[in-house]
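# Coordinate inspection notes
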Amino acid sequence: MPYPNEFEGFMINEIGKHTDFKKQTFKPKVFGDNDIDVKIECCGVCGSDVHTVTGGWGESPTPLCVGHEVVGKAVKVGPKVKDVKVGDRVGVGAQVWSCLKCPQCKSDNENYCPHMVDTYGAPYPKEADPNETISQGGFASHIRAHEYFVFPIPDAIPSHHAAPMLCAGLTVWSPLMRAGVGKGQKVGIVGLGGLGHFAVLWASALGAEVTVISHSPNKKEDALKLGARHFVSSGTEGWAKPLAFTFDFLLNTADMTNEFNLADYLSTLKVGKHFHQVGLPDQPLQDLKPQMFMANGSSIGASHIGSRPECLAMLKFAAEKKLAPMVETIPVGEKGCAEAIERVNKNQVHYRFTLVDYDKVFGA
């Protein structure tokens with residue numbers, strides 16, 4: 001395989017045929033002075049990958065290589081790269097570029113840059129790549145990213161654990177940080193899946209008193225193991241009444257909010273507190289009325305991944321606290337990618353997948 005002119009990846013050629021992965025070559029963006037090429041060791045499988053290849057979030061350009069929880073070794077660094085050298089173990093999450101000039105970028109909010117480039121399925125602007133190449137993700141031999149979005153991985157974190165931290169972990173870490181979650185606070189985590197189990201892990205380790213709200217009663221043992229103090233089954237009639245005015249922060253990680261009785265969830269918040277969404281449903285929320293927020297002055301919002309400083313702080317915290325997510329591994333390949341996507345689609349994962357054995361299919 002020519003390198004660095006072409007990479008290889010397991011790609012989807014038609015959105016909707018979400019298990020039909022084919023091994024193909026693709027051209028990455030033009031290599032820039034601040035770019036880093038990473039030879040991929042492993043990649044997490046995210047719910048976003050499923051929503052993308054199934055078409056749940058709309059159309060995407062094809063052929064498409066998904067995957068945005070990448071860990072590997074830097075094999076090429078641009079002449080202006082400062083903090084990474086060839087051979088370093090690094091990670092890349094759900095963003096590979098931003099302008100680094102706008103007010104958002106200059107205030108550590110580059111994950112809200114209006115010119116940002118997602119790790120896959122997004123065209124680069126001409127200033128980053130004259131060919132306006134479509135970005136491709138981590139179900140591949142290599143990934144090319146701007147140094148600002150390449151993160152050193154602490155030695156204490158195994159690669160297959162670090163990978164899902166780079167999207168799932170960061171996506172819940174950022175709102176927890178921005179809400180100031182810590183000791184003395186009561187936090188509710190809605191949903192115990194790929195995102196939710198990270199949220200419980202982080203919030204508990206930060207010192208909050210965590211309650212997991214889940215429609216799956218059989219997840220109670222895992223919730224307590226991850227650090228939750230309480231578990232509530234949302235399938236039980238009247239479940240929200242004992243929790244009225246309880247939480248300082250309610251983080252929803254489930255992607256079925258469109259099926260919620262949202263008033264029940266809002267009722268569990270203290271006055272003026274926030275219901276925050278990181279689980280994104282395919283369908284819009286129906287019958288959302290301002291009156292729903294009046295009983296306790298609550299609010300609702302959402303967020304997108306996190307910033308570089310937040311990612312570095314999260315990795316440091318996980319390493320120091322020796323926090324380990326619950327991760328299953330699957331060998332990468334046409335069969336492995338299809339199995340992982342289909343099982344995540346059916347919620348048959350405990351609680352995150354990482355694709356491994358990259359050297360076996362892409363070479364050492």
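Description of the structure in this document. None of the values given here were measured: they were computed from a predicted structure.

## Here we look at helix α8 (residues 334–345)
With 12 residues, α8 extends 17 Å from end C-alpha to end C-alpha; this agrees with the ideal 16 Å at 1.5 Å per step. Along α8, the residues that are buried comprise Gly336, Cys337, Ala338, Ala340, Ile341 and Val344. Residues of α8 that are buried in the fold lie against β1 (7–12), β2 (21–26), β3 (35–45), α1 (47–54), β16 (327–331) and β17 (352–356).

## Thoughts on the environment of Val70
Take Val70: it is sitting in strand β4 (residues 70–77). C-alpha separation for the pair Val70 and Gly137, spaced 67 residues apart in sequence, amounts to 8.4 Å. Beyond its immediate sequence surroundings of up to four residues, Val70 is in contact with Ile40, Cys42, Cys43, Val90, Gly91, Val92, Gly138, Ile143 and Leu166.

## What about the sheet that holds strand β13 (residues 247–252)?
Read across the open sheet, the 6 strands follow the order β12-β11-β10-β13-β14-β15; overall the sheet is parallel. Edge positions in the sheet fall to β12 (230–233) and β15 (299–302), since each has one partner strand and no second. The mean inter-strand angle of the sheet, taken between neighbouring strand axes irrespective of direction, is 20°. Helix α3 (residues 159–178) contacts β13 and β14 (269–277) of the sheet and is inclined by roughly 160° relative to β13. Together, β10 (186–190), β11 (209–214) and β13 form the strand contacts of helix α4 (residues 194–205), whose direction differs from that of β11 by roughly 165°.

Reading the values: rules and limits
Chains are numbered independently. Their residues run from 1 in the order of the written sequence. Confidence filtering applies because this is a predicted model: local features only for residues at pLDDT of at least 70, side-chain atom pairs given and counted only at 80 or more, and all residues used for totals across whole chains, interfaces and linings. By convention in this description, side-chain values take in all heavy atoms of the structure and omit both hydrogens and water. Only DSSP runs of H or I with at least four residues qualify as helices, and only runs of E with at least two residues qualify as strands; both kinds are numbered from the N terminus onward. Helices are assigned an expected span. That span is 1.5 Å times one less than the residue count. Working definition: with a 1.4 Å probe on protein chains only, accessible area under 20% of the residue-type maximum means buried, over 50% means exposed, and in between means partly exposed. Contacts were defined at the residue level, with two residues in contact if any of their heavy atoms lie within 4.5 Å. In this analysis, strands are considered paired if DSSP registers two or more bridges between them. Helix axes use the C-alpha atoms of the stretch in contact, all axes being lines fitted to C-alpha atoms, and the angles between their N-to-C directions lie in the range 0 to 180 degrees.

Geometric values such as these leave the question of function open.
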